[in-house]
Structures are given as C-alpha cells and as structure tokens.
Amino acid sequence: MTIQAKNIDPEKLEALQGKVLNDVSGAMGLIMAYMGDRLDLYSALAEASPATSQELAANTGLDERYVREWLASNAAAGYIDYDVAAKKFSMTPEQALIFSAEGDPNCMQGFFQAVVSAYLDEPKATNAFRSGKGLPWGDHSTCLFSGTERFFRPMYAANLVDAWIPALDGVREKMEAGAKVADVGCGHGSSTILMAQAFPNSTIHGYDFHEPSIEQARARARDAGVASNTIFEVVTAKEFPGKNYDLVTIFDALHDMGDPVGASAHILQCLAPGGTFMLVEPMAGDSLQENLHPLGQIFYAFSTMVCTMASKSQEVGLALGAQAGEKRLTDVLKEGGFTRVRRATETPTNIVLEARP
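In what follows, the accompanying structure is described. Values in this document were obtained by computation on a predicted structure and should not be read as measured data.

On to empty space enclosed by the protein, then. The tally for this structure, following the rule as stated, stands at one cavity of 30 Å³ or more. Approximately 50 Å³ is the volume found for the largest cavity. Around the largest cavity sit Glu102, Gly103, Asp104, Cys107, Gly110, Arg150, Phe151 and Pro154, which together line it. Its residues placed into classes, the lining of the largest cavity shows three nonpolar, two polar and three charged.

A word on the sheet that holds strand S7 (residues 271-282). Read from one edge of the open sheet, seven strands run S5-S4-S3-S6-S7-S9-S8, paired in mixed fashion. One side of each edge strand has no neighbouring strand; the edge strands of this open sheet are strand S5 (230-234) and strand S8 (340-346). Strand after strand, the sheet turns through a mean of 20° between neighbouring axes, direction not considered.

Inspection of every chain in the model, using the stated rule, returns 18 salt bridges. With a closest N to O distance of 3.9 Å, Glu55 and Lys88 form a salt bridge. Within this pair, whereas Glu55 is found in helix H3 (residues 53-60), its partner Lys88 is found in strand S2 (residues 88-90), the two being separated by 33 residues in sequence. Salt-bridge contacts for Glu326 lead to Arg343; the nearest nitrogen and oxygen are separated by 2.7 Å. In this pair, Glu326 sits in helix H14 (residues 326-335) while Arg343 sits in strand S8, placing the two residues 17 residues apart along the sequence. By sharing partners, the salt bridges in this structure join Asp37, Glu102, Glu149, Arg150, Arg153 and Arg220 into a single network.

Moving on, we get to the environment of Ala33. By secondary structure assignment, the location of Ala33 is in helix H1 (residues 10-38). A relative accessible area of 0% places Ala33 in the buried class. Spatially, the C-alpha atom of Ala33 lies 7.3 Å from that of Phe99, the residues being 66 residues apart in sequence. Residues contacting Ala33, with those up to four places away along its chain left out, are Tyr42, Phe99, Gln109 and Phe112.

Evaluated as defined, the whole model comprises zero disulfides. With no disulfide of its own, Cys143 lies closest to Cys107 among cysteine sulfurs, the gap being 15 Å. On the basis of relative accessible area, Cys143 is assigned to the buried category, the value being 9%. Note on Cys307: no disulfide assigned, nearest cysteine sulfur contributed by Cys143 at a separation of 17 Å. On the accessibility criterion, Cys307 (9% relative accessible area) is buried.

Core analysis: the biggest nonpolar cluster contains 58 residues, and Leu160, Met175 and Met278 have the highest contact counts within it. Of all the elements, helix H8 (residues 142-164) adds the most residues to this core, at eight residues. The contacts of Leu160, once residues within four sequence positions are left out, are Ile165, Pro166, Ser191, Leu194, Met195, Phe251 and Met278. Counting residues in each nonpolar core, the second largest holds 29 residues, with Ala253, Met257, Leu271 and Leu320 among its members.

On to the environment of Cys186, then. By the element assignment, Cys186 lies in the loop between strand S3 (180-184) and helix H10 (190-198). Cys186 gets classed as buried once you look at its relative accessible area, which sits at 7%. In contact with Cys186, not counting residues within four places along its chain, are Thr192, Gly206, Tyr207, Asp208, Ile214 and Phe232.

Let us now look at the packing of aromatic side chains. This model, assessed by the stated rule, comprises 16 aromatic pairs. Aromatic side chains Phe111 and Phe302 sit 5.9 Å apart centroid to centroid with 15° between the ring planes, which places their arrangement in the stacked category. Note that Phe111 is positioned in helix H6 (residues 109-120) and Phe302 in helix H13 (residues 294-312), a separation of 191 residues in sequence. The two residues Phe111 and Phe302 agree in class, both being buried. An angle of 65° between the planes, with centres 5.9 Å apart, marks the rings of Phe240 and Tyr245 as edge-to-face. Residue Phe240 is classed as buried on the basis of its relative accessible area, which comes to 1%. In this structure Tyr245 comes out as buried when scored by relative accessible area, which is 1%.

Let us now look at the layout of surface pockets. For the largest pocket, the calculated volume is near 990 Å³. The wall of the largest pocket is formed by 50 residues, among which Trp137, Gly185, Asp252, Ala253 and Asp256 lie closest to the centre. Going through the elements one at a time, H6, H8, S3, H10, strand S4 (203-208) and H13 are the ones with two or more residues in the lining of the largest pocket. Grouping the amino acids of the lining of the largest pocket by side-chain chemistry returns 26 nonpolar, 14 polar and ten charged. Ala27, Leu30, Val115, Tyr119 and Ile298 are the residues nearest the centre of the second largest pocket, which is lined by 23 residues in total. Looking at the lining of the second largest pocket, the elements that each hand over two or more residues are H1, helix H5 (93-100), H6 and H13.

With that settled, consider a nonpolar patch on the surface. Together, Leu16, Val20, Val24 and Met28 make up a nonpolar patch on the protein surface, roughly 370 Å² of accessible area in all. In this structure, Met28 sits in helix H1.

A few words on the pairing of S7. When you tally the buried positions in S7, you get ten out of twelve residues, the bulk of the element. As judged from the six bridges shared by strand S6 (residues 245-251) and S7, these two strands associate in the parallel manner. Looking at S7, one finds that Thr249 is bridged to Met278. Between S6 and its parallel partner S7, the chain crosses via helix H12 (residues 260-270), and the hand of that crossover is right-handed. One ladder, built from six bridges, connects S7 with strand S9 (residues 350-356); its direction is antiparallel. Pairing of Leu279 across the sheet is with Leu353, part of S9.

Criteria and cut-off values
- Residues numbered from 1 in each chain as written.
- Predicted model: local features only at pLDDT ≥ 70, side-chain atom pairs only at ≥ 80, totals over all residues.
- Heavy atoms only, no water.
- 1 Å grid on protein atoms, 1.4 Å probe; cavity = no way out; pocket = protein on both sides within 12 Å on 5 of 7 lines; lining within 4 Å.
- Points joined across faces, edges and corners; volume = space filled by probe spheres on them.
- Nonpolar A, V, L, I, M, F, W, Y, C, P; charged D, E, K, R; others polar.
- Pairing = 2+ DSSP bridges.
- Helix = DSSP H or I, 4+ residues; strand = E, 2+ residues; numbered from the N terminus.
- Axes fitted to C-alpha atoms, helices over the stretch in contact; angles between N-to-C directions.
- Salt bridge = Lys/Arg side-chain N within 4 Å of Asp/Glu carboxyl O.
- Buried < 20%, exposed > 50% of the residue type's maximum accessible area, 1.4 Å probe, protein only.
- Contact = heavy atoms within 4.5 Å.
- Disulfide = S-S within 2.5 Å.
- Core = buried A, V, L, I, M, F, W, Y, C linked by side-chain atoms within 4.5 Å.
- Phe/Tyr/Trp six-rings, centres within 6.5 Å; stacked < 30°, edge-to-face > 60°.
- Patch = residues over 30% accessible without salt bridge, like charges linked within 9 Å, V, L, I, M, F, W, Y side chains within 5 Å.
- Areas by Shrake-Rupley, 256 points an atom, 1.4 Å probe, with all protein chains shown as cover.
- Right-handed = clockwise from strand over helix to strand, strands pointing away.

Below, the structure is given as structure tokens:
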C-alpha cells in the first residue's frame, strides 16, 4: 500500500503518534505492574517507603539490579514516586490503593492480570479469526479466570448487597426471610458467597459450566463459612436444575453464552410465581458511536478476545459481545419470554436489569 505524502496531515499524524506512544507506554507499564504484583514488590514498597533499590531487594529477597530497573520504570510511569536528593522510592496512599490494596474496588491488579491473559492467548485468538470457530472459556490461560474474579469481586462486594438487590422490587425482603436463589455463571463463586453471607436464611445455588471454577467456588464457600447455605454444580445456563427460584442472577456472563435467549427462557421456566431475574452486564450504549471512548475500547477488546469467541464456541453462537447495550439485552430477555424489563440501577461500569414474567 502506497500512501502519498501530500495526503498526510502533519498535525493529525503527530497527534496519532502521541496517542500510540502513550498506549505503548501503558502496555509496558501494565506488564511491570503485573510483575510487581506477582513479586509482591508494591506491597513491600508501600510498607517500607521510602526505600532504595537495595533496601527493597533485601526486604523481598529479589535481585537488586532487576529491582532497580523495575523501580525506574514505575517511577517514569508515575506509578511510584522518586526522591532525587535521597535516591529513594516511595508510594503515595493513592498509588498503594491502585497497585497493592487487594480486595479494594480501586485496586487494578485483577484487571491487569486479565489483560495479560489476552496476550498469552493471542495465538489461539488469531487462529479463531482465520477459522471462524470459537474459543471456549476453559481453553484460556488461567490468568483470565483468576484476573476476572479478582477484578469483579470487589465491585460486587461494594454494590451487590447494598445497592443492586435493594433496587429490585421486593427481593431483599424475600432473601432476608429465606429465598431460593440461582446464581448462573457464578465462576469462582464471589457473588454466590456474598449473597450467602448477607442472607443466611436463603439458599444460594451456584451454577457454572467450567468445572475448575466450581471447584474453586466450593473451596471458597467453605473458607467463608457459608457451605451450609450454598450449593455448587457444574451445569450450563440452559440446563441448571430446580424450580421455584425467587431470584435468578447472572453477573457479566449472559453475553458470553452461545444461546442467551435459550438461557433466558430456561430461567423464566425455573422462576417461582412473582420471581425475579437480575441481569448484570457491562455498561454500554445501544450504538457503536455511544461506546467510542476508553471504557468502550477496553470492553470491545476483551469482547474480541474472550466474550465473542466464547459464545461462538457454543451452540447457536449468538455472540452478543460485551457491549450489547440495554436495548439488545432487553430484546433477548423478551425473546426468552419475559414481558417486563427495566433498568433497576447502574454503576459507571455496569447496568443492572430487572426482568419479570
């Protein structure tokens, strides 16, 4: 392809070069952040601040020369601070929150881990582009499973019990009294466990088609002390057992399913009279132009590498994508037989839909 120099706008070229340079800087910063998490360097620096590279290496048992270079990269990125006079590195409270506060909604390490999984899985994804076949969820790097759980868990902890369930009509009261709940596509069980802890009179059934995730969920439920009111099973969204559920939930997973209409229809059949389906999905507008912003870019990229490929690996393969939007999701729910769908609440990254028969 030959591009004529006369067709190039120098200002646009310079602006695009600057953006790409920032993106490359961010990509390298992300891998440094991921390594810092794995090596526990951020936590160590947060505790020892200010510290020299020699002091941090001694505290962590790592090679000083590598630690020194890692610190320099992080300081250049603005992820940590550097005192020129003292030649020491430190972390502000804000930096410590983002890079080392495990379990806090502001900590980004789970997000970084999920992004790293996309790089690890790039050969598989590239082959899927050529073949048109899907890439099953279970065929991804384990970084994806752990990173997804680490990223979503704090947000669910901050919103699920105190904001999302109260936004549903009459559901909180049912769960306090003792409800039967199905958490479909539960993964490692974070949402299931949160509901079981908050509503001990209720029984929460966690369902997922990925057996290793269910094994993790069972272990975490035991550790959290909620094994008595949680039940985990390996099963698909269209085949999970039981009837008369007061509440069925799907968190950030319907768009990954091959047949979300079929899943919705099965959920409808399993609800008790007056039951509720709560659907949590990524925040998105109803058109591409509404999603042309950094968060939309991130969601579309994950959707390219994970969500769309997961759907295409299953029967039907509707491939909603992570940016389906409220209108498309509502259409899917109504195709499944629901007649009443409303946006119950939202966060900057999620929409919460309430669906009823």
